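Report on the structure
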Amino acid sequence: APAPAADAGGPGVGKGRAVAALVVGMAGSGKTTLMQRLNLHCAEQKRPAYYVNMDPATRTVPFSAGIDIRDTVDYKQVMQKYGLGPNGAIMTSLNLFATRFDQVLDILEKRSAEGVEHVFLDTPGQIEAFTWSASGMIITETLALQFPTVLLFVVDTPRTSNPTTFMSNMLYACSILYKTHLPIVLVLNKTDVTPADFAMEWMSDFEKFQEALDSARSQSYLTSLNRSMALMLEEFYRNLRAVPVSAASGEGISDLLDAIQAAAGDYEQDYLPEIQRRKREAEEKERQRQVDSMDKLMQDMRMPPPPGGADSDGEGSSRNSPS
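First, a word on scope: everything that follows refers to the structure included in this document. (Residues numbered from 1 in each chain as written. Predicted model: local features only at pLDDT ≥ 70, side-chain atom pairs only at ≥ 80, totals over all residues. Heavy atoms only, no water.)

**Structural notes on the environment of P56**
- Residue placement: P56 occurs in the loop between β2 (49-53) and β3 (67-68).
- Once the C-alpha coordinates of P56 and K76 are considered, the two residues, 20 residues apart in sequence, prove to be 9.1 Å apart. (Helix = DSSP H or I, 4+ residues; strand = E, 2+ residues; numbered from the N terminus.)

See the structure below:
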């Protein structure tokens, strides 16, 4: 069964260090609306939080963004200057933003020292522009090295009532988990439209998902594949925190914040050592590359011996000739 949403975080989690939450999800899943609801909820509860907008193509930002990528990069100018389409311009804008992300980290460090509990970062609507881009990974990894970092994977609950669509979302969430090596919280959004009971049941009971597939009355290859993948994902579900939420009404937001704290505890205990190990390996690889480059440079600079060796000037022959 999915892990409960309201587990207590690990010791010291959130005390003196803000927890960073990267909000990702398919286009139309309600990421930005969730950011707005989190902003309202934290303000009402007097829980200090900080907000970052990393979607360069959005027209309006309905939450109090302390940092906005649009202040750094002009999305439309990027399109015109480089002759790019919408997705290419988003990725290029993120690339440009990533070159200044050290400045973003400095600001977040200051806010964390001032007592901010959470940092919420909104990502582009086109999920692949962030999760599968080099700049997205740079931002994610550098953030995770400085702050306890959690991924919030937002799911459009009404659209996942179809078993095949549900399975597609779960596979995407699983792929992001394995790519980023960060704890993930599944946010089942829009429960004011469709309750998330069916999704929670499908994740906790394989037989219920089988019944849903059977009710579709389709025995195609896709149905058989869905059954196999559901079995494969049982271990993933067992360690997954899933929280039903309505960004429109605010239902479930308190549970979501509890789940974020619990996932931050997992980060400290299970994920941070792995991230630090990968960083050490990358640093060692870079150090070895520099050593190899220096060795090659020194070999290239070493002058070859003159033809005939050291005796080519004739001194050796006169020294060795009999008197």
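**Notes on the sheet that holds β2**
- Read from one edge of the open sheet, seven strands run β3-β2-β4-β1-β5-β6-β7, paired in parallel fashion. Looking along the sheet, the strands with just one partner apiece sit at the ends: β3 and β7 (241-244).
- When strand β1 (residues 19-25) meets strand β5 (residues 149-156), the two strands line up parallel, connected through six bridges. In the sheet register, V24 faces β5, and the bridge partner there is F153.
- Helix α1 (residues 31-44) rests against β1, β2, β4 (118-122), β5 and β6 (184-189) of the sheet, and its axis sits at about 160° to β4.
- Across the sheet, helix α6 (residues 134-146) lies against β1, β4 and β5, angled at about 155° from β1, the strand it touches most. (Pairing = 2+ DSSP bridges. Contact = heavy atoms within 4.5 Å. Axes fitted to C-alpha atoms, helices over the stretch in contact; angles between N-to-C directions.)

**Here's the deal with a nonpolar patch on the surface**
- A cluster of nonpolar residues, M294, L297, M298 and M301, forms a patch on the protein surface that exposes about 400 Å² of accessible area.
- Relative to the helices and strands, M294 resides in helix α12 (residues 253-301).
- A relative accessible area of 44% means that M294 is categorised as partly exposed. (Patch = residues over 30% accessible without salt bridge, like charges linked within 9 Å, V, L, I, M, F, W, Y side chains within 5 Å. Areas by Shrake-Rupley, 256 points an atom, 1.4 Å probe, with all protein chains shown as cover. Salt bridge = Lys/Arg side-chain N within 4 Å of Asp/Glu carboxyl O. Buried < 20%, exposed > 50% of the residue type's maximum accessible area, 1.4 Å probe, protein only.)

**Regarding the pairing of β2**
- Where burial is concerned, most of β2 is hidden: four out of the five residues are buried.
- Strand direction decides the pairing type here: β2 and β4, joined by five bridges, are parallel. In the sheet register, N53 faces β4, and the bridge partner there is D122.
- Sheet topology note: the β2/β3 ladder contains two bridges and is parallel. When the bridges of β3 are listed, N53 appears paired with D68.

**Points about the side chain of S246**
- Residue placement: S246 occurs in the loop between β7 and α12.
- Side-chain polar atoms of S246 contact the side chain of S249, separated by 3.0 Å.
- Ignoring sequence-local partners within four residues, the contact set of S246 consists of N189, K190, T191, D192 and E251. (Polar contact = N/O pair within 3.5 Å; in protein donor to acceptor, adjacent residues only side chain to side chain.)

**Focus: the pattern of salt bridges**
- Scanning all chains against the criterion turns up eleven salt bridges.
- A salt bridge links R17 to E109, with the nearest nitrogen and oxygen atoms 3.1 Å apart. Of the two residues, R17 is situated in the segment before β1 and E109 in helix α4 (residues 101-113); the sequence distance between them amounts to 92 residues.
- Among the ionic pairs, E281 bridges to R277, the shortest N-O distance being 2.3 Å. Of the two residues, E281 and R277 are both situated in helix α12; the distance of four residues between them amounts to about one turn of the helix.
- Taking the relative accessible area as the measure of exposure, E281 reaches 44% and is therefore partly exposed.

Distances and angles like these do not, on their own, reveal function.
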